[in-house]
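A structural walkthrough
Now for the letters of each chain:
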Amino acid sequence: MVKVKAFELRSKTSKELLKELDEMKSELAQLRVAKVSGGAASKLAKIKIVRKSIARILTVYNQKQKAEARKQYAGKKYLPLDLRPKKTRKIR
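Here the residue numbering is sequential within each chain, running from 1 through the sequence in written order. Local features in a predicted model are, by the rule used here, given only for residues with pLDDT of at least 70; side-chain atom pairs are given and counted only at 80 or more, and totals for whole chains, interfaces and linings are based on all residues. Hydrogens and water molecules were not included; the side-chain quantities draw on all heavy atoms of the structure.

**Some details on helix H3 (residues 41-73)**
The numbering of helices and of strands both runs from the N terminus, where a helix is a DSSP run of H or I of at least 4 residues and a strand a run of E of at least 2. One less than the residue count of a helix, multiplied by 1.5 Å, gives the span that helix is expected to have. Between its terminal C-alpha atoms H3 stretches 49 Å, which fits the 48 Å expected from 33 residues at 1.5 Å a residue. Within the span of H3, buried status applies to Ile47, Val50, Ser53, Ile54, Ile57, Val60 and Tyr61. The criterion used for residue contact is that any of the two residues' heavy atoms lie within 4.5 Å. For H3, the elements touching its buried residues are helix H1 (6-10) and helix H2 (14-36). Trailing H3 by a residue or two, Gly75 shows a phi angle of about 85°, which is positive. The buried label applies to any residue whose accessible area, calculated with a 1.4 Å probe on protein chains only, is under 20% of its type's maximum; exposed applies above 50%, and partly exposed to all values in between.

So this is what it looks like as structure tokens:
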């Protein structure tokens, strides 16, 4: 599998991202089994790529979730703590 690009992931829906995440996690599990059973060097090198791809998918998914939450709470009186600006205590 080729390294996934973040800009390609951003065009996908949340369901597609979760589906791709499941595929990547199952592939990672297979690669780890191959590592234990003495698999080829190409499979061992692929573990890093799959792990980084999983991280990219999760990052894009979380960004989408946060953007949707921001849109939902726009114009409301109170914001959830994680949507408020991150400032130091002194400035807050």
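**Thoughts on a positive patch on the surface**
In this scheme, patches are assembled from residues that exceed 30% relative accessible area and form no salt bridge. Like charges are connected within 9 Å, while nonpolar side chains (Val, Leu, Ile, Met, Phe, Trp, Tyr) are connected within 5 Å. Note on areas: Shrake-Rupley with a 1.4 Å probe; residue coverage comes only from the protein chains shown. Any carboxyl oxygen of Asp or Glu within 4 Å of a side-chain nitrogen of Lys or Arg constitutes a salt bridge here. Note that His is not counted, nor are the chain ends; the positive residues are Lys and Arg, and the negative ones are Asp and Glu. Each charge is placed at NZ for Lys, CZ for Arg, CG for Asp and CD for Glu. Taken together, Arg32, Lys35, Lys48, Arg51 and Lys52 make up a surface patch of like positive charges. Those elements that provide at least two residues to the positive patch are H2 and H3. A per-element tally of the positive patch places H3 first, with three residues. Position of Arg51 relative to the elements: it lies in helix H3. For Arg51, a relative accessible area of 47% corresponds to the partly exposed category.

**Things to note about the nonpolar core**
By nonpolar core is meant a set of buried Ala, Val, Leu, Ile, Met, Phe, Trp, Tyr and Cys residues that side-chain atoms within 4.5 Å join together. Membership of the largest hydrophobic core comes to 13 residues, with the highest contact counts inside it found for Leu9, Leu17, Met24, Leu28, Val50, Ile54 and Ile57. At six residues, the largest contribution of residues to this core is made by H3.

**Some thoughts on the packing of aromatic side chains**
For any pair of aromatic rings, geometry is given as the distance between the ring centres together with the angle between the planes. Aromatic rings from Phe, Tyr and Trp, with only the six-membered ring used for Trp, were paired whenever their centres fell within 6.5 Å, and each pair was classed as stacked if the ring planes differed by under 30 degrees, edge-to-face if by over 60, and tilted otherwise. Per the stated rule, a full pass over the model turns up zero aromatic pairs. Its end group placed over the ring of Tyr73, Lys76 keeps NZ or CZ at 6.0 Å from the ring centre. Any Lys NZ or Arg CZ that is within 6 Å of a ring centre and within 35 degrees of that ring's normal is treated as a charge sitting over the ring.

**Here's the deal with H2**
End to end, H2 covers 33 Å across 23 residues, agreeing with the expected 33 Å (1.5 Å per residue, within 8%). By the burial criterion, the buried members of H2 are Ser14, Leu17, Glu20, Leu21, Met24, Glu27, Leu28, Leu31 and Ala34. Immediately beyond the C-terminal end of H2, within one or two residues, lies Gly38, with a positive phi of roughly 80°.

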